[in-house]
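Structural overview
What follows is the residue order along each chain.
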Amino acid sequence: VAIHALVHAGSVFDGPDRAGLAHFLSRTIDRGTATRSADDIARSLDSRGVTLSVTINRHALSLTCQCLAEDAAAVLPLVGDLLRGATYPDAQVERLRAEVLTTIQQDEENPAVMAGEGLLRLLYPGHPYASRPRGSAASLQRITPGDLRTFHGDHVTPAGCSLAIVGDIEAGEA
C-alpha cells in the first residue's frame, strides 16, 4: 500500500524573516507527536519495514509511505498522527538543526545551487520564490520549536491536505 499526503505548506509560506521554516519542518515532523516519541515512531516503521519519506518544495510538503497491505491498519493512524499532531520536541529540533546547518553550508559551497538561487532572486525580487528554500544559517538559528508548531498548526490542516492511498486495501478500510 502506498500512502501519499500532500499538504499546501511549502517554502512560499515561510515568511520573510523565517526562510527555511517549511524545510526545517519537513526534517522534524516525524520526531514526535502527543502520543508517540521519535523512537516509538522509528520502531513502529522499522519493525514493519515501512518506508517514510518527507519532502518539501516551494508549494507543498509531501509525506509518502509504503507498507505491506497487512500493515496498513497500523501505519495509517501513524501517518495521521504525524499530520495532525507533530509536537516538534525541543531536543529533537536542536539535534536536527545541526544537520540542516551542515546542508546549508554544503549548498553555499556548491556553485550550481548558488547560481540557481541567485537567478531566482533576480527573476522574482520581493517574491517568496526569491528566498532560499532551506534558508540561511542566520534564518535557521532564528527558528524556534514554537515557530515549527505554529507553522504546522497554520498550514498542515485537513483543508490544505490531499491524500492518496493506492494498493491492496479496500476503500472503507482506508
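Just so we're clear, the structure is a prediction, and the values are computed from it rather than from any experiment. (Residues numbered from 1 in each chain as written. Predicted model: local features only at pLDDT ≥ 70, side-chain atom pairs only at ≥ 80, totals over all residues. Heavy atoms only, no water.)

Taken as a whole, this structure holds 0 disulfides when the rule is applied. Here Cys-65 stays unpaired: no disulfide links it, and the sulfur of Cys-67, its closest cysteine neighbor, is 5.5 Å away. Using a relative accessible area of 8% as the deciding quantity, one classes Cys-67 as buried. (Disulfide = S-S within 2.5 Å. Buried < 20%, exposed > 50% of the residue type's maximum accessible area, 1.4 Å probe, protein only.)

Of all hydrophobic cores here, the largest spans 37 residues; its most connected members are Phe-24 and Leu-148. If you list the elements that add at least two residues to this core, you get β1 (2–7), α1 (21–28), α2 (38–48), β3 (61–66), α3 (72–85), α4 (90–108) and α7 (145–155). Ignoring any residue separated from it by four or fewer positions in sequence, one finds Phe-24 in contact with Val-93, Leu-96, Arg-97, Val-100, Leu-140, Ile-143 and Leu-148. (Core = buried A, V, L, I, M, F, W, Y, C linked by side-chain atoms within 4.5 Å. Helix = DSSP H or I, 4+ residues; strand = E, 2+ residues; numbered from the N terminus. Contact = heavy atoms within 4.5 Å.)

With that out of the way, let us pick up the side chain of Glu-117. Checked against the element boundaries, Glu-117 lands in helix α5 (residues 111–123). Beyond its immediate stretch of four places on either side in the chain, Glu-117 contacts Arg-132 and Pro-133.

Glancing now at the pattern of salt bridges. For the structure shown, the criterion picks out 13 salt bridges. Arg-43 is paired through a salt bridge with Asp-40; the nearest N and O atoms lie 2.8 Å apart. Of this pair, Arg-43 and Asp-40 both sit in helix α2, 3 residues apart, which is roughly one turn of the helix. Residue classification places Asp-40 among the partly exposed positions, given a relative accessible area of 34%. With its nearest N and O atoms 3.0 Å apart, the salt bridge here joins Arg-149 to Asp-90. With a gap of 59 residues between them, Arg-149 in helix α7 and Asp-90 in helix α4 connect regions that are remote in the sequence. Residue Asp-90 is classed as partly exposed on the basis of its relative accessible area, which comes to 46%. Ionic contacts of the salt-bridge type, sharing partners, join the residues Asp-17, Arg-18 and Asp-147 into one network. (Salt bridge = Lys/Arg side-chain N within 4 Å of Asp/Glu carboxyl O.)

Here strand β2 (residues 51–56) runs beside β3; their pairing, made up of 6 bridges, is antiparallel. Among the inter-strand pairings, Thr-55 is bridged to a residue of β3, identified as Ser-62. What sits between β2 and β3 in their antiparallel hairpin is a turn of 4 residues. (Pairing = 2+ DSSP bridges.)

A few words on the packing of aromatic side chains. For the coordinates displayed, the defined rule picks out 1 aromatic pair. Summarising the aromatic geometry, the rings of Tyr-124 and Tyr-129 are spaced 5.0 Å apart at their centres and angled 80 degrees between planes, so their arrangement reads as edge-to-face. (Phe/Tyr/Trp six-rings, centres within 6.5 Å; stacked < 30°, edge-to-face > 60°.)

Spatial strand order, β2-β3-β1-β4: 4 strands in an open sheet with antiparallel pairing. With partners counted over all chains shown, the strands left at the sheet margins are β2 and β4 (161–166), one partner each. Going across the sheet, the axis of each strand differs from the next one's by a mean of 10 degrees, ignoring polarity. Sheet analysis places β1 next to β3, joined by 6 bridges and oriented antiparallel. When the sheet's bridge partners are listed, Ala-2 is paired in β3 with Gln-66. (Axes fitted to C-alpha atoms, helices over the stretch in contact; angles between N-to-C directions.)

Because side chains alternate across β1, one face comprises the buried residues Ile-3, Ala-5 and Val-7, and the other comprises Ala-2, His-4 and Leu-6, none of which is buried. Of the pairings in the sheet, the one linking β1 to β4 comprises 6 bridges and is antiparallel in character. When the sheet's bridge partners are listed, Val-7 is paired in β4 with Cys-161.

Attention shifts here to the environment of Leu-96. Checked against the element boundaries, Leu-96 lands in helix α4. A relative accessible area of 0% means that Leu-96 is categorised as buried. Put simply, Leu-96 and Ala-5 are 91 residues apart on the chain and 23 Å apart in space, counted from C-alpha to C-alpha. Those residues in contact with Leu-96 that lie beyond four places of it in its chain are Phe-24, Arg-27, Thr-28 and Arg-31.

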